[in-house]
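# Summary of the model geometry
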Amino acid sequence: MSFNSLGLSEALLKAISKKGYTTPSPIQQKAIPPILQGKDVLASAQTGTGKTAGFTLPLLHILSNNPKAKYRPIRALILTPTRELAAQVYANVREYSAFLNLRSTVIFGGVNQKPQVATIREGIDILVATPGRLIDLENQGLLSLKRIEILVLDEADRMLDMGFLRDIERIMKLMPSKRQNLMFSATFSKDIRKLANGILNHPVQVETTPENSTVDAISQKVYRVAKGLKTNLIIKLISDDNWKQVLVFTRTKHGANKLCKKMVSANITAAAIHGNKSQGARTKALAGFKNGRVRVLVATDIAARGLDIPLLPHVINFELPNISEDYVHRIGRTGRAGASGEAISLVSADETTYLRDIEKLVGMKLPVEIVEGFEPDPNASTEPIKQGQNRSRNSRNNKRNSNPNRNNSKRRPSRNNNTGSNDIRN
Ligand code: AMP
């Protein structure tokens, strides 16, 4: 199938060819036609599938076919859970609309609102936003959603995970009830279906290959290692094979910072990305990682969500996540778009239960290796690590204030008091 046969305008086809795309991805083939017909769509798609173009291209087609001559009320709203994702979606919107007479902007918290407000004042057709800053600006009377024609909820499952349900409900009330709704989510939990039922009107359901197929395509390996030797082992692995573009996951922000410092001392350029970092620091770290100046990006799970880093060759779990699904999300960042990738996990005795749970979820035993000089400690306890243990999907859903990615800069991230640990997630 070609993009031409999807019925997109010449201006969009030109932008697509400028990006170098020749064939629409499966999600694009399935989602674009019903969106162009004006239908509501509920789509299952993860980052890396081409979902952003899947909703942006038809959205731009619809808006440009029906221009508003005099002034520009905001006609399309794309809501995303994180600032990084908002920035990436906006970059895509700009590229795809390069040959159209449509204006767009992005708003998110953690940065000065003035330039954002100034751009909105000039008149824009498409707004990409995270929920917190959107509500802030609407409350101040600085923007109106009364003329929205198309709403996109991107990574809806993450939005629920991050406690944005009430914000989403508030935003719905600010828009006209007659509008087209598009909802994209990697998973279809009961909560997602409930949210979809409340927002979407007779949606067309679009599904692509389930997530586990990604797992099959990735080479996975476990190194059993003593806890205290993990840092030296990871430095050895990265240095010996001269790996570049390595995404490393830690379970805590503190752990991410500590590991990052150790890498830098070992002459490996590294940056940490997590919820305690300023927006500027995160953007800089991500840009450095993408352009190759930063070899290692150390991230926590929530901070890494929605990052658009295509063709990542190496993902290393410095620590296993205690939620098995997070493992699948983490390693899904490698081997994207058909490229080969390797996912490595450093596993100490106290992570044995997590490893078993992960193997159950992915339906296979992961091959284990031991590096000479980095053997596991035979006397170490296999009891799971206490720290941060009690995070569950439900606790994440319910704790509105626990989400530092929200856009209220005054809100302090909550600490995990039950564990007595000072580590803050994200
Ligand atoms: P997304 O899932 O939207 O984050 O997109 C993942 C990556 O695939 C991005 O780098 C896109 O630029 C790229 N992409 C999107 N659509 C296509 C396509 N039809 N052909 C090739 N690459 C694409």
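Residues numbered from 1 in each chain as written. Predicted model: local features only at pLDDT ≥ 70, side-chain atom pairs only at ≥ 80, totals over all residues. Heavy atoms only, no water.

## Side note on the packing of helix α11 (residues 230-240) against helix α12 (residues 253-265)
Axes are the key here: two packed helices are described by the angle between their axes and the distance separating the axes. Note the threshold: For helices, the fitted line uses only the C-alpha atoms of the stretch in contact; every axis is such a line through C-alpha atoms, and the angle between N-to-C directions lies from 0 to 180 degrees. A helix here means a DSSP run of H or I that spans at least four residues, while a strand means a run of E at least two residues long, and both kinds are numbered starting from the N terminus. Should an angle lie under 35 degrees it is considered roughly parallel, over 145 roughly antiparallel, and from 65 to 115 roughly perpendicular; all remaining angles are considered oblique. Take the far helix as your reference; a near helix turned counterclockwise from it by less than a right angle gives a left-handed crossing, and one turned clockwise gives a right-handed crossing. We call two residues in contact whenever any of their non-hydrogen atoms come within 4.5 Å of each other.
Relative orientation of the contacting elements α11 and α12 amounts to 50 degrees, with a least axis distance of 11 Å. Relative to α12, the element α11 is oriented oblique. As for the relative orientation of α11 and α12, their crossing is right-handed in sense. Here α11 contributes Thr 231, Ile 234, Ile 235 and Ile 238 to the contact with α12, which in turn contributes Leu 259, Lys 262 and Met 263.

## Section: the pairing of strand β6 (residues 180-185)
Rule in force here: Classification of residues uses two cut-offs on accessible area relative to the type maximum, computed with a 1.4 Å probe and protein chains only: under 20% is buried, over 50% is exposed, and between them is partly exposed. One bridge is not enough; two strands pair if DSSP finds at least two bridges between them.
The element β6 is largely enclosed, with a buried count of six among its six residues. Side chains Gln 180, Leu 182 and Phe 184 of β6 all project onto a buried face; the interleaved residues Asn 181, Met 183 and Ser 185 project onto the opposite face, where all are buried too. Sheet topology note: the strand β1 (residues 41-44)/β6 ladder contains four bridges and is parallel. If you follow Ser 44 over to β6, its bridge partner there is Ser 185. Relative to β6, strand β5 (residues 150-153) runs parallel, the two sharing four bridges. When the bridges of β6 are listed, Leu 153 appears paired with Met 183.

## Brief notes about unusual backbone geometry
Glycine aside, residues mostly have negative phi, and peptide bonds are mostly found in the trans state. Despite not being glycine, Asn 242 shows a phi value in the positive range, around 50 degrees. Take Asn 242: it is sitting in the loop between α11 and β9 (246-249). We classify Asn 242 as partly exposed; its relative accessible area is 43%. Positive phi, normally seen in glycine, also occurs at Asn 267, with a value near 65 degrees. One can find Asn 267 in the loop between α12 and β10 (270-273).

## Digging into the site of the ligand
Cut-off, in case you're wondering: Any residue with a heavy atom positioned within 4 Å of a molecule or strand is treated as near that molecule or strand. Counting of polar contacts relies on pairs of N or O atoms within 3.5 Å, with two restrictions inside protein: one atom must be capable of donating a hydrogen and the other of accepting it, and residues adjacent in sequence are counted only when both atoms are side-chain atoms. All accessible areas in this document rest on Shrake-Rupley with a 1.4 Å probe, and a residue is counted as covered only by the protein chains that are shown. Gly counts as polar in this scheme, as do all residues outside two lists: the nonpolar Ala, Val, Leu, Ile, Met, Phe, Trp, Tyr, Cys and Pro, and the charged Asp, Glu, Lys and Arg.
Not every one of the 15 residues close to the ligand is listed here, only the nearest: Tyr 21, Gln 28, Gly 48, Gly 50 and Thr 52. Between Gln 28 and the ligand, the recorded distance is 2.8 Å, taken from a side-chain N or O atom to a nitrogen atom. Between Thr 52 and the ligand, the recorded distance is 2.5 Å, taken from a side-chain N or O atom to an oxygen atom. If the ligand stood free it would expose 500 Å²; the protein chains cover 77% of that surface. The residue makeup of the shell around the ligand, split by class, is four nonpolar, nine polar and two charged.

## Things to note about the UniProt feature "domain: DEAD-box RNA helicase Q" (unreviewed entry) in the protein
Note the threshold: UniProt positions are given in the numbering used here, feature names are shortened, and annotations may be inferred rather than shown by experiment.
As annotated in UniProt, the feature "domain: DEAD-box RNA helicase Q" (unreviewed entry) corresponds to residues 1-29 in the numbering used here. In residues 1-29, the share of helix is 48% and the share of strand is 0%. The end C-alpha atoms are 8 Å apart.

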